[in-house]
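# Descriptive structure summary
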Amino acid sequence: VDFGPLYEAVGVFAKTANSTALKSMMAACGAKSGSLEEGVGKAKKCTKARLKALNDALYTMERGFLSHEGLPGRKWFLHVLQAPALYMGYGADPYPGIAQAMRDGDWDLASDQVKVVADRVLAAEALLRAWRPKPASAGAGGAGGGRGEG
C-alpha cells in the first residue's frame, strides 16, 4: 500500500494549520493551556468574537474530513480519520477505512482508502485555508485582519 499521497496531503495540511494567523488566534485564546472557552476573559486578547472566529475555522475545517460515500461496509460513518472499529465495539479506529481494509487483507481497498483519506485531508486543508477572520470593528476587539501565511 502506497501511503505517499496521504503523507503529502498531511504535509500540506500541516503547513496551513501552522499559519501565523491561526496560531496567533489560538494563542490569544489560551489554546496551549487548556480549554479555549476558559481562555475567554482570562487572556486580554481573547474576546467572544475571537473565540467564535476560531470555532468557525475549526468546525468548518472538520467537515472536510467527511466522505459523502461513508466508510466501506459502514456508509453511515462519514469521518475518514476516526470511527468506531468494525469488530471492536466502540473502540476508536484511526483511519478506519484503511485500517479495516488492511486487517481484512484487502490491499486494493486499502490503497483506494488511502486516496480517499488524502483527498479528504486536502479538502479540510482547503476549507481551513479559505477561512479568514472577520475584520474587527472599531473598539470591538474582534479577530482583526486577514490570515497571513508562515
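## Some points on the packing of helix α5 (residues 96–103) against helix α6 (residues 107–130)
- Their axes nearest at 8 Å, the elements α5 and α6 cross at an angle of 170°. With respect to each other, α5 and α6 are oriented roughly antiparallel. Contact with α5, carried on its side by Gly97, Ile98, Ala101 and Met102, involves Trp107, Leu109, Ala110, Gln113, Val114 and Val117 of α6 and no other residues of that element.
- A breakdown of the residues in the contact of α5 with α6 according to their chemical character gives eight nonpolar, two polar and no charged.

## Quick word on the packing of aromatic side chains
- Applying the stated rule across the entire model yields three aromatic pairs.
- Geometrically, the ring pair formed by Phe3 and Tyr7 is tilted, given 6.4 Å between the ring centres and 45° between the ring planes.
- Exposure remark for Phe3: the relative accessible area of 24% places this residue in the partly exposed category.
- Taken together, a centroid distance of 6.1 Å and an interplanar angle of 45° make the contact between Trp76 and Phe77 tilted.

## Some points on the confidence of the model for the chain
- Residues at a pLDDT of 70 or more form 77% of the chain, whose mean pLDDT is 81.
- The lowest-confidence element of the chain is helix α3 (residues 36–39), averaging 50 in pLDDT; the highest-confidence one is α6, averaging 96.
- Per-residue pLDDT stays below 50 along residues 137–150; that stretch engages in 37 contacts with residues further than four places along the chain or on separate chains.

## Concerning helix α1 (residues 4–17)
- Compared with an ideal rise of 1.5 Å per residue, which puts 14 residues at 20 Å, α1 spans 20 Å between its outermost C-alpha atoms and is within 8% of the ideal.
- The complete set of buried residues in α1 reads Leu6, Ala9, Phe13 and Thr16. Buried residues of α1 fall within an arc of 85° about the axis and therefore sit on the same side. Residues Tyr7, Glu8 and Lys15 are exposed on α1 and point more than 90 degrees away from its buried face.
- Residues of α1 that are buried in the fold lie against α4 (48–63), α5 and α6.

## Regarding the pattern of salt bridges
- Applying the stated criterion across every chain yields a total of four salt bridges.
- Note that Asp56 is salt-bridged to Lys52, the shortest N-O span being 3.0 Å. Of this pair, Asp56 and Lys52 are both found in helix α4, four residues apart, which corresponds to roughly one turn of the helix.
- Residue Asp56 is classed as buried on the basis of its relative accessible area of 18%.
- In this structure, the salt-bridge partner of Arg120 is Asp119, at a minimum N-O distance of 3.3 Å.
- The exposure class assigned to Asp119 is partly exposed, which follows from its relative accessible area of 44%.

## Quick look at the side chain of Glu125
- Here Glu125 lies in helix α6.
- Not counting residues within four places of it along the chain, the set of residues in contact with Glu125 comprises Val12, Phe13 and Thr16.

Conventions used here
- Residues numbered from 1 in each chain as written.
- Predicted model: local features only at pLDDT ≥ 70, side-chain atom pairs only at ≥ 80, totals over all residues.
- Heavy atoms only, no water.
- Axes fitted to C-alpha atoms, helices over the stretch in contact; angles between N-to-C directions.
- Helix = DSSP H or I, 4+ residues; strand = E, 2+ residues; numbered from the N terminus.
- Parallel < 35°, antiparallel > 145°, perpendicular 65-115°, else oblique.
- Contact = heavy atoms within 4.5 Å.
- Nonpolar A, V, L, I, M, F, W, Y, C, P; charged D, E, K, R; others polar.
- Phe/Tyr/Trp six-rings, centres within 6.5 Å; stacked < 30°, edge-to-face > 60°.
- Buried < 20%, exposed > 50% of the residue type's maximum accessible area, 1.4 Å probe, protein only.
- pLDDT = per-residue confidence, 0-100.
- Expected span 1.5 Å × (residues − 1).
- Arc of directions from axis to C-beta.
- Salt bridge = Lys/Arg side-chain N within 4 Å of Asp/Glu carboxyl O.

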